[in-house]
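# A closer look at the structure
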Amino acid sequence: MVNIIDRRLNPKDKSLANRQRFIRRAKRQILDAVRDVSARRRISDVGQQGEESISIPSDGLQEPSFRKGSGTGVRRHVVPGNKEYQAGDRIARPDGGEGGSGPGGGSPDGEGEDEFQFSISRDEFLDLFFENLELPDLARTELSRVEQDGVRRAGYSVSGSPATLNLTRTMRRSLSRRLALHRPRREEILELDREIDRLERSGKDPERLRELVQERERLSRRSRLIPYIDPIDLRFNRFVPTPRPISQAVMFCLMDVSGSMTEDMKDLAKRFFMLLYLFLERRYRHVEIVFIRHTHIAQEVDEETFFYSRETGGTLVSPALDEMDRVVRERYPPDEWNIYAAQASDGDNTPQDNPAVIERMERTILPVCRYFAYIEVSGERGRGGLTDLWMVYERIARSGRPLAMRQVRRRGDIFPVFRDLFTPAELRN
Amino acid sequence: MPHRTEASAKLIYSGPDWDYPLIRRAFDAIERIAVDEMGLEPYPSQVEVISSEQMLDAYSSMGMPLFYRHWSFGKHFARDEMLYRKGMTGLAYEIVINSNPCLCYIMEENTMTMQTLVMAHAAFGHGHFFRNNQLFREWTDAESILDYLDFAKRYIADCEERYGHTAVERVLDAAHALMTHGVHRYPRPRPLNLKRELERERERQRFEESSFSDLWRTLPRRDPDEDRSDPDLDARQQRLGLPEENLLYFLEKHAPRLAPWQREVLRIVRLVAQYFYPQRQTKVMNEGCATSVHYAIMTRLHETGQITDGAFMEFLHAHTSVVFQPEFDDPRFSGINPYALGFGILKDLERICTRPTEEDRRWFPDIAGNQDVLGTWKTAWAEYRDESFILQFLSPRLMREWRLFSVLDDTDADAMEVEAIHDESGFRAVRRALATHYDLARHEPDIQVVDVDLAGDRQLMLEHRVVDGRRLEGANTRMVLRHLANLWGYPVTLVEVDARSEQELNRYQGIAPDPTVT
């Protein structure tokens, strides 16, 4: 008697332990690949898909064995499908050596493994991307609740405007009331009418006719008294005003792209922007990103230009703020959007511009922003001293505005800074 | 047309969907044909239904239901999974395990016809082969393999806990690199047995603690002035059992610096390699046997009216794609399909037994026209391995049909040469060349431990007997030697010597162990 066993319900991921061993083993290569991927990618794509396909160099991952090389000696290939060859014919060696369609192609000993390609899950990707900084902790940090008035269905009421009449409820109540009070049905009355009519025509049985006519009158009186729909049947949908979080957010990335910002600094900034995006993306249903770069002039650009095109010029911060203000007014009304801004700069600003910055920040930018984060990237060789912009912002921050500022030097700094920035005040103490 | 007997005249199933009662009925019907009519002797089977993910899982651990853990399996899984997800490869319809009872995995996605085909193929075709082929009887113990793997898995997990992942990984990496050279080719090993393995393991520990290894001898054995000639080498070789081609075995027994648990890990890898060794030598026959059996059974089921014409068409469709052999200039060509070759030879044998031509009588005087197809098949399945099977049974007619030809690729010449084709003068040469292709002993480099420098730096000397001038692939070899040195604990030297002229061709001198290994 054969045993037939359903194994489908057995725990899956039997090879999970092997996978973890593999990822641990290939950690260095995978980390490089992940960095590479995240540098190539748009901010909004990071960790977006369920799976991430990466390919890593296979050094340290080979499984070597003693095998014969293909460069020396004599081999014989036996293959099917001879068309025109005779014994003694000479065939040119197919180019490219292994794996072709020529004779001897696909020989099993040419296992070339230069790159190893596979997919990692989104969680694994994020985990590696943030180098095991505890991203899940973010779930506990809360931004200030963002609310907007809205209405929500809340059961039924006996009064309301005709537009909110709930037909189903109303008719159900009407029906049960009519049944309970024995309102005569239309068919019943029609039947009676037909009977009366027949008796009248035949002229027989006047006794019965009189009874029927009385009955008919009783019924029509009753149906007049018991209305088809009574005001007490009416039910209306009830709505209550509820504060509702706005489910969309826009994130402004402002960056100084003047010559003093090195690639390193831009990379730091990019990482910060990515983190902010991931964070917002977990909280809001829809997140948009606006990139504004500035030198002494500012403009909204696409991501590619933002990070990679070079620009020369002086450094003025206020035009960037103006540009942001313009975009906000045109496209992102603050009562519909949660506005976040992140600015990255090396701290340079022309001193004459400082009053303008203060003015713009206090009057137009900060009032519409949920949060304004300023990070000062200084590269490895940070100057240490306080920069112009830092001092300006510090003055603004002292007045209790939602402005946070930190200095970042290394990659490793980013996450702590980020966590710091977004930890609510009550948790911080 | 065969007569439709009343007992079997009813259909086993009609629709594409399967359920457990149907599978059981199909299995019973197959069993009646396979055992009662064909006289096959498979192990009792256990059919297990799995999902595609579980199939991927099984892929990555050499098809076994349980296996110890190692990153390389994770790597294979990652690659297989991606290829599968991208639709670049399909999954096998089944996996069958040489154990008693014979485990036979079938996938839930298959239709009822495919399940029937798969059971006939795996449970009866492979099952019969596993149980009857000489190599499997000699080398594997189907009774205890699952117990042993369970022991291996727990033992290695235990080691990981006790000695750390990295330490275990290092030993396994090295052992895997030497896996192809971790099999005994000749004597019969003791059958694996869980209890005895455990006892033996304990005994080894006791022994290690109380014994003396000759490698640690620091006193000179002889007068140093005496001429160090052959007698010395002979004595040393005698003591260490040299030359030894089973590198893992040699290390397990003689490597001076391994801890007992490391030896045990080597043993596990070695025994696993030994278990798979027959499968690697009988790919063509094993698949040929299973394919012929499923073909015979499905045909019989159809003849007796137990499956519908539609189901039979579906079967034929699947069958023909399994035994499809593209020609060499076809973009789909990737070597010879073992299913096609095995099935082709066996079908041809059937023809030779029943309707031999003059040519067949000349080539196969023993079996031509003996009218006993099954008997001939069974003898072939039992007594041969791929190399000898091809050498014995590949007929001129099949070579003509496939238009096989042999190409000589000498790297010293500037072009390849067609050595022999499917004509009267070439049949034997083509057949010999093809058979050699399946000869593992020829295919794999012949590497042996020949000497240990006991008096000097305890260097291990290996020799590769180069056949046909084919030397080892350099980068790979250096990596393997590094692994080998890590296990040995001292430098390792590999010399490549031409088997015919005894001339030294190449030398990997003194590959030292990684300094991190202490």
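### Things to note about unusual backbone geometry
All names here are of chain B. At the junction of Asn100 and Pro101, the peptide bond is cis and its omega measures out at 0 degrees in the coordinates. Relative to the helices and strands, Pro101 is located in the loop between strand E2 (94-97) and strand E3 (102-107). Phi is positive for Arg403, which is not a glycine, with a value near 55 degrees. Along the polypeptide, Arg403 turns up in the loop between helix H18 (396-402) and strand E4 (405-410). What makes Arg403 partly exposed here is the crowd of 16 C-beta atoms within 10 Å.

### Side note on the environment of Thr168(A)
Among the structural elements, Thr168(A) can be located in helix H4 (residues 167-180). Along the backbone, Thr168(A) and Leu234(A) are 66 residues apart, and their C-alpha atoms lie at a distance of 9.9 Å.

### Section: the sheet that holds E2(B)
To summarise the sheet geometry, strands pair through backbone hydrogen bonds and adopt either a parallel or an antiparallel arrangement. Taking strand neighbours across the sheet as the criterion, the 4 strands line up as E1(A)-E1(B)-E3(B)-E2(B) in an open arrangement whose pairing is mixed. Only two strands of the sheet have a single partner each, and these edge strands are strand E1 (3-6) of chain A together with E2 of chain B. Neighbour to neighbour, the strand axes of the sheet diverge by 20 degrees on average, direction disregarded. As paired elements, E2(B) and E3(B) share 4 bridges and run antiparallel to each other. Note on E3(B): the bridge partner recorded for Ile95(B) is Tyr105(B). Against the sheet, helix H4 (residues 112-132) of chain B makes contact with strand E1 (45-50), E2 and E3 of chain B, and its axis sits at roughly 160 degrees relative to E3(B), the strand it touches most.

### Looking at the interface of chain A and chain B
Contacts between chain A and chain B engage 56 residues on the former and 80 residues on the latter. Sorting the residues of the side of chain A that touches chain B by element identifies E1, helix H1 (16-25), strand E3 (74-79), strand E4 (90-92) and strand E5 (115-121) of chain A as the ones contributing at least two each. Partitioned by chemical class, the residues of the side of chain A that touches chain B number 19 nonpolar, 21 polar and 16 charged. Two elements, E3(A) and E4(B), share 6 bridges in a ladder whose sense is antiparallel. Across the sheet, residue Arg75(A) finds its bridge partner in E4(B), namely Asp409(B).

### Quick look at the sheet that holds strand E5 (residues 415-420) of chain B
Strand order in the open sheet formed by 4 strands is E3(A)-E4(B)-E5(B)-E4(A), with antiparallel pairing between adjacent strands. Each end of this open sheet is capped by a strand with a single partner; those strands are E3 and E4 of chain A. Taking the axes of each pair of neighbouring strands and ignoring which way they run, one obtains an average angle of 30 degrees across the sheet. Against the sheet, helix H19 (residues 427-437) of chain B touches E3 of chain A together with E4 and E5 of chain B, its axis set at about 105 degrees to E3(A).

### Here's the deal with helix H2 (residues 52-60) of chain B
Among the 9 residues that make up H2(B), 7 are buried, leaving the element largely enclosed by the rest of the structure. Check the buried side of H2(B) and you find it contacts H1 of chain A together with E1, helix H3 (71-85), E2 and E3 of chain B. The positive-phi residue at the C-terminal boundary of H2(B) is Met62(B), with phi of around 55 degrees.

### A closer look at the nonpolar core
Grouped together as the largest cluster of nonpolar side chains are 160 residues, with contacts concentrated most on Met119(B) and Val265(B). Of all the elements, H4(B) adds the most residues to this core, at 11 residues. In this structure Met119(B) touches Ala26(B), Phe27(B), Ile30(B), Val47(B), Cys104(B) and Ile106(B), once residues within four positions along its chain are discounted. Met261(A), Met274(A), Ile375(A) and Val408(A) belong to the second-largest nonpolar core, a separate cluster that totals 59 residues.

### Section: the pairing of strand E12 (residues 371-377) of chain A
Residues and elements named next belong to chain A. For E12, a buried count of 7 out of 7 residues is recorded, marking the element as mostly surrounded by other parts of the structure. The pairing of strand E11 (residues 338-345) with E12 spans 6 bridges and is parallel. Within E12, the residue paired with Tyr340 across the bridge is Tyr371. In this region the chain leaves E11, passes through helix H10 (residues 354-368) and returns to the parallel neighbour E12; the handedness of that crossover is right-handed. Looking at chain direction, E12 and strand E13 (residues 403-408) are connected through 6 bridges and run parallel. Counted as the bridge partner of Phe372 is Leu403 from E13.

### Thoughts on the confidence of the model for chain A
Note: predicted coordinates in regions of low pLDDT should not be interpreted at a detailed level. Residues and elements named next belong to chain A. For chain A, per-residue confidence averages 76 on the pLDDT scale, and residues scoring 70 or more make up 75% of the total. Highest mean pLDDT in chain A belongs to H4 (93); lowest belongs to helix H13 (residues 425-428) (51). Predicted confidence is poor over residues 96-113, with pLDDT under 50, and the contacts of this stretch with residues over four places away or in other chains come to 37 contacts. Confidence drops under a pLDDT of 50 for residues 132-146, and excluding neighbours within four residues, the segment shows 18 contacts in the predicted structure.

### Observations regarding H1(A)
Within H1(A) the residues assigned to the buried category are Asn18(A), Arg19(A), Arg21(A), Phe22(A) and Arg25(A). The arc that holds every buried residue of H1(A), seen down its axis, measures 160 degrees, which confines them to one face. In this structure, the buried side of H1(A) is in contact with H2 and H3 of chain B.

What counts and what doesn't
- Residue numbering note: each chain is counted from 1, following its sequence as written.
- The lettering of chains begins at A and the numbering of ligands begins at 1, in the order of writing.
- With the structure being a predicted model, the display of local features is reserved for residues of pLDDT at least 70 and the display and counting of side-chain atom pairs for 80 or more, all residues being used for whole-chain, interface and lining totals.
- The secondary structure listing takes helices from DSSP runs of H or I that are at least 4 residues long and strands from runs of E that are at least 2 residues long, numbered from the N terminus.
- Each residue is classified by how many other C-beta atoms fall within 10 Å of its C-beta atom, where C-beta atoms are placed from the backbone; a count of 20 or more means buried, 12 or fewer means exposed, and values in between mean partly exposed.
- When DSSP locates at least two bridges between a pair of strands, those strands are taken to pair.
- Here, axes are lines fitted to C-alpha atoms. For helices the fit covers the stretch in contact, and angles between N-to-C directions go from 0 to 180 degrees.
- Residues are scored as being in contact if the C-beta atoms we place from backbone atoms lie within 7 Å.
- Amino acids are sorted into nonpolar (Ala, Val, Leu, Ile, Met, Phe, Trp, Tyr, Cys and Pro), charged (Asp, Glu, Lys and Arg) and polar (every other residue, Gly among them).
- The term nonpolar core refers to a set of buried Ala, Val, Leu, Ile, Met, Phe, Trp, Tyr and Cys residues connected through C-beta atoms within 7 Å.
- Note on handedness: a crossover is taken as right-handed if, strands pointing away from the viewer, the path from the first strand over the helix to the second is clockwise.
- Every residue gets a pLDDT, meaning the predictor's confidence in that residue, from 0 to 100.
- Here, the arc refers to the directions that run from the helix axis to the C-beta atoms.

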